[in-house]
Amino acid sequence: MIRVLSLFILVGALVGCKSVAPPTPLGDLNAQQMHGHAVYEAHCAQCHYDRKNAALHGPAMIGVFKKPYLSSGAPANDERVTATIVHGRNLMPAMGNTLDQQDLDDLLAYLHTL
Ligand code: HEC
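First, a word on what this report is: a plain description of the structure on this page. Nothing here was measured: the structure is a model prediction, and the numbers come from that model.

## What to know about the coordination of the iron atom of the ligand
On the protein side, the iron atom of the ligand has His48 (NE2) and Met92 (SD) as donor atoms, found 1.9 to 2.1 Å from it. Each of the six donor atoms bound to the iron atom of the ligand contributes to angles spanning 84 to 179 degrees, and the resulting shape is octahedral. On the criterion of sequence distance, the pair formed by His48 in the loop between helix H2 (31-43) and helix H3 (78-87) and Met92 in the loop between H3 and helix H4 (101-111) is long-range, its members being 44 residues apart.

Rendered as structure tokens:
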């Protein structure tokens, strides 16, 4: 009986993990998403993992738009994420003067593939 129960729990946990789709493979990105990936590598990767669910200096970006909330509890939407990038947040530096509108749009397009 205990065994049957633990099997149910195990299966439940596995199914739970699979409910969030994995990031789009890099080879399947379109031109805009590829440019966004380059922006990410240049400006975000030193502090955030994009394809690994672990914190670096800041929270992991994997599945950022597949969850309802950011780690701060703010809603995970384009407005909040863009505002975080442009204005910074606590230890995260503001990048409004470093990234232009095209960089921001492409970066957001990439983050949506994670
Ligand atoms: C110097 C390190 C650093 C860099 C570079 C950096 N971040 Fe962050 N980021 C952080 C830290 C630290 C936090 C946690 C801030 C907090 O909530 O206290 C954070 C938080 C965030 C959050 C969550 C905000 C929230 O409301 O929870 C997002 C989204 C984010 N960063 C995206 C980015 C993106 C996209 C880039 C590249 C343009 C980037 N970060 C570059 C350090 C960094």
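Resuming the write-up.
## With respect to the packing of aromatic side chains
Counted according to the given criterion, the structure contains one aromatic pair. Over the face of the ring belonging to Tyr49 we find Lys52, whose NZ or CZ atom lies 4.3 Å from the ring centre.

## Re the side chain of Thr113
Looking at the element boundaries, Thr113 is found in the segment after H4. On the accessibility criterion, Thr113 (6% relative accessible area) is buried. Separated by 2.6 Å, the side chain of Thr113 and the backbone oxygen of Tyr110 make a polar contact. The residues touching Thr113, leaving out its near neighbours within four places in the chain, are Pro23, Thr24, Leu29, Gln33 and Lys66.

## Thoughts on the site of the ligand
Taken together, 22 residues form the shell around the ligand, and within it Cys44, Cys47, His48, Ser72 and Met92 come nearest. In the environment of the ligand, an oxygen atom lies 2.5 Å from a nitrogen or oxygen atom belonging to the side chain of Ser72. Elements represented by at least two residues in the shell around the ligand include exactly H3 and H4. Looking at the shell around the ligand, its residues break down into twelve nonpolar, nine polar and one charged.

## Digging into the nonpolar core
One broad rule of soluble globular proteins: the nonpolar side chains tend to lie buried together. The biggest cluster of nonpolar side chains holds 20 residues, and the ones touching the most others in it are Tyr40, Val81, Ile85, Leu99, Leu107 and Leu111. Only H2, H3 and H4 provide two or more residues apiece to this core. Per-element tally for this core: the top contributor is H4, with five residues. Ignoring anything within four residues of it in the chain, the contact list for Leu111 reads Tyr40, Met61, Val64, Phe65 and Val81.

The rules we used
- Residues numbered from 1 in each chain as written.
- Predicted model: local features only at pLDDT ≥ 70, side-chain atom pairs only at ≥ 80, totals over all residues.
- Heavy atoms only, no water.
- Donors = N, O, S within 2.8 Å, 3.2 Å for Na, K, Ca; no water.
- Tetrahedral: all angles 85-135°; square planar, octahedral: opposite > 155°, others 65-115°.
- Helix = DSSP H or I, 4+ residues; strand = E, 2+ residues; numbered from the N terminus.
- Phe/Tyr/Trp six-rings, centres within 6.5 Å; stacked < 30°, edge-to-face > 60°.
- Lys NZ or Arg CZ within 6 Å of the ring centre and 35° of its normal.
- Buried < 20%, exposed > 50% of the residue type's maximum accessible area, 1.4 Å probe, protein only.
- Polar contact = N/O pair within 3.5 Å; in protein donor to acceptor, adjacent residues only side chain to side chain.
- Contact = heavy atoms within 4.5 Å.
- Near = heavy atom within 4 Å.
- Nonpolar A, V, L, I, M, F, W, Y, C, P; charged D, E, K, R; others polar.
- Core = buried A, V, L, I, M, F, W, Y, C linked by side-chain atoms within 4.5 Å.

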